[in-house]
Amino acid sequence: MTNSATAPLPSQVKKTQSRSERRARKMRTANAAVRTEQEPNASLSSDKTSNAFADKKNIMWVLLSGAMALTFIVMLFLPDTGMGGGLISTYSAMLWCGFFGAALWRYRTASGWAGFAYGSVIGLVLQFISQFI
């Protein structure tokens, strides 16, 4: 009756390890750790797979969104650029200043939504100021 319903499956049988087996397993893991430290190419290949969109510390997003926000803000204050009046100028200033604020806040490891809100308010205020100047 070795195949009865009460007999444990071979995968469920737990074999106890002796001291020498445990020591050999520890030595194998220690040797594997030393080999990965000595091979710099192995660690570089795992770092190359990072996603630029998910990286909060990527300064490129802050620079790009800041350049676009600056472009639209400068266009608000320049005459005859087509951005001085109208609802599109308000939306563009709020949107790009919001993107810049979100990127800056995420770079500082804060909430991106709060940064977008602050940036949008600053863009709206700058658009109102450009109407008076």
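The numbering scheme is per chain: residues are counted from 1 as the chain's sequence reads. Local features in this predicted model are restricted to residues of pLDDT 70 or higher, and side-chain atom pairs are both shown and tallied only at a pLDDT of 80 or more, whereas totals for entire chains, interfaces and linings draw on every residue. Derived side-chain values reflect all non-hydrogen atoms in the structure, with water molecules and hydrogen atoms excluded from consideration.

Quick look at helix α3 (residues 59–77)
- Over its 19 residues, α3 extends 27 Å from the first C-alpha to the last, a length consistent with the 27 Å expected when each residue adds 1.5 Å.
- Buried means the residue's accessible area, taken with a 1.4 Å probe over protein chains only, is under 20% of the maximum for its type, while exposed means over 50%, and partly exposed covers the values in between. Under the DSSP-based scheme used, a helix requires at least four consecutive residues in state H or I and a strand at least two consecutive residues in state E, with every element numbered from the N terminus. Within α3 the residues assigned to the buried category are Val-62, Ser-65, Gly-66, Ala-69, Phe-72, Ile-73 and Leu-76. Viewed along the axis of α3, the buried residues span an arc of 130 degrees, placing them on a single side of the element. Turned more than 90 degrees away from the buried face of α3 sit Leu-63 and Leu-70, all of them exposed. Expected helix span is given by 1.5 Å per residue-to-residue step, counting one fewer step than there are residues. Working note: the arc is built from the helix axis to C-beta atom directions.

A short note on the side chain of Ser-130
- You can see Ser-130 is positioned in helix α5 (residues 112–132).
- In this structure Ser-130 comes out as buried when scored by relative accessible area, which is 8%.
- Residues adjacent in sequence count toward polar contacts only when both atoms are side-chain atoms; beyond that, a polar contact is any pair of N or O atoms within 3.5 Å, and within protein one must be able to donate a hydrogen and the other to accept it. A polar contact of 2.7 Å, which involves the side chain of Ser-130, links it to the backbone oxygen of Gln-127.
- Only heavy atoms enter the contact rule, under which two residues are in contact if any of them lie within 4.5 Å. The contacts of Ser-130, once residues within four sequence positions are left out, are Leu-76 and Phe-77.

Digging into a nonpolar patch on the surface
- Residues form patches when they are more than 30% accessible in relative terms and have no salt bridge. Like charges link within 9 Å. Nonpolar side chains (Val, Leu, Ile, Met, Phe, Trp, Tyr) link within 5 Å. Surface accessibility follows the Shrake-Rupley procedure with a 1.4 Å probe radius. Residue values consider only the protein chains on display as shielding. Put simply, a salt bridge is a Lys or Arg side-chain nitrogen that is within 4 Å of an Asp or Glu carboxyl oxygen. Together, Phe-77, Val-121, Val-125, Phe-128, Ile-129, Phe-132 and Ile-133 make up a nonpolar patch on the protein surface, roughly 760 Å² of accessible area in all.
- Position of Val-121 relative to the elements: it lies in helix α5.

Details of the packing of α3 against α5
- It is the contact of α3 with α5, at a shortest axis distance of 8 Å, that shows an interaxial angle of 20 degrees. Comparing the axis directions of α3 and α5 gives the class roughly parallel. Here α3 contributes Ile-73, Leu-76 and Phe-77 to the contact with α5, which in turn contributes Leu-126, Gln-127, Ile-129 and Ser-130.
- The nonpolar class holds Ala, Val, Leu, Ile, Met, Phe, Trp, Tyr, Cys and Pro. Asp, Glu, Lys and Arg form the charged class, and all remaining residues, Gly among them, are polar. Taken together, the residues of the contact of α3 with α5 break down into 5 nonpolar, 2 polar and no charged. All axes here are fitted lines through C-alpha atoms, helices being fitted over the stretch that makes contact, and every angle between N-to-C directions spans 0 to 180 degrees. When describing relative orientation, an angle under 35 degrees is termed roughly parallel and one over 145 degrees roughly antiparallel, while 65 to 115 degrees is termed roughly perpendicular and anything else oblique.

Regarding the confidence of the model for the protein
- The predictor attaches a confidence to each residue, called pLDDT, with possible values from 0 through 100. Taken residue by residue, the protein gives an average pLDDT of 78. The fraction at 70 or more is 72%.
- Here helix α2 (residues 40–47) stands out as the least confident element of the protein, with mean pLDDT 52; α5 is the most confident, with 90.

Section: the nonpolar core
- Counting 5 residues, the largest nonpolar core consists of Ala-69, Ile-73, Leu-76, Ala-93 and Cys-97.
- Contributing elements (two or more residues each) for this core: α3 and α4 (87–107). In plain words, nonpolar cores are sets of buried Ala, Val, Leu, Ile, Met, Phe, Trp, Tyr and Cys residues tied together by side-chain atoms within 4.5 Å.

Quick notes on unusual backbone geometry
- A positive phi angle, close to 60 degrees, is found at Thr-109, a residue other than glycine.
- When you line up the elements, Thr-109 lands in the loop between α4 and α5.
- Take Thr-109: its relative accessible area is 58%, and that puts it in the exposed class.

Structural notes on the packing of aromatic side chains
- Between the rings of Phe, Tyr and Trp (Trp by its six-membered ring), a pair exists once the centres lie within 6.5 Å; its type follows the angle of the planes, with under 30 degrees stacked, over 60 edge-to-face, and the other angles tilted. Under the counting rule described, the total for this entry stands at 4 aromatic pairs.
- With centroids separated by 5.9 Å and ring planes inclined at 50 degrees, the aromatic side chains of Phe-99 and Phe-116 adopt a geometry described as tilted. One end of the pair, Phe-99, is in helix α4; the other, Phe-116, is in helix α5, and 17 residues separate them in sequence.
- Owing to a relative accessible area of 36%, Phe-99 belongs among the partly exposed residues under this scheme.
- In this structure an aromatic cluster arises from ring pairing among Phe-72, Trp-96, Phe-99 and Phe-116.

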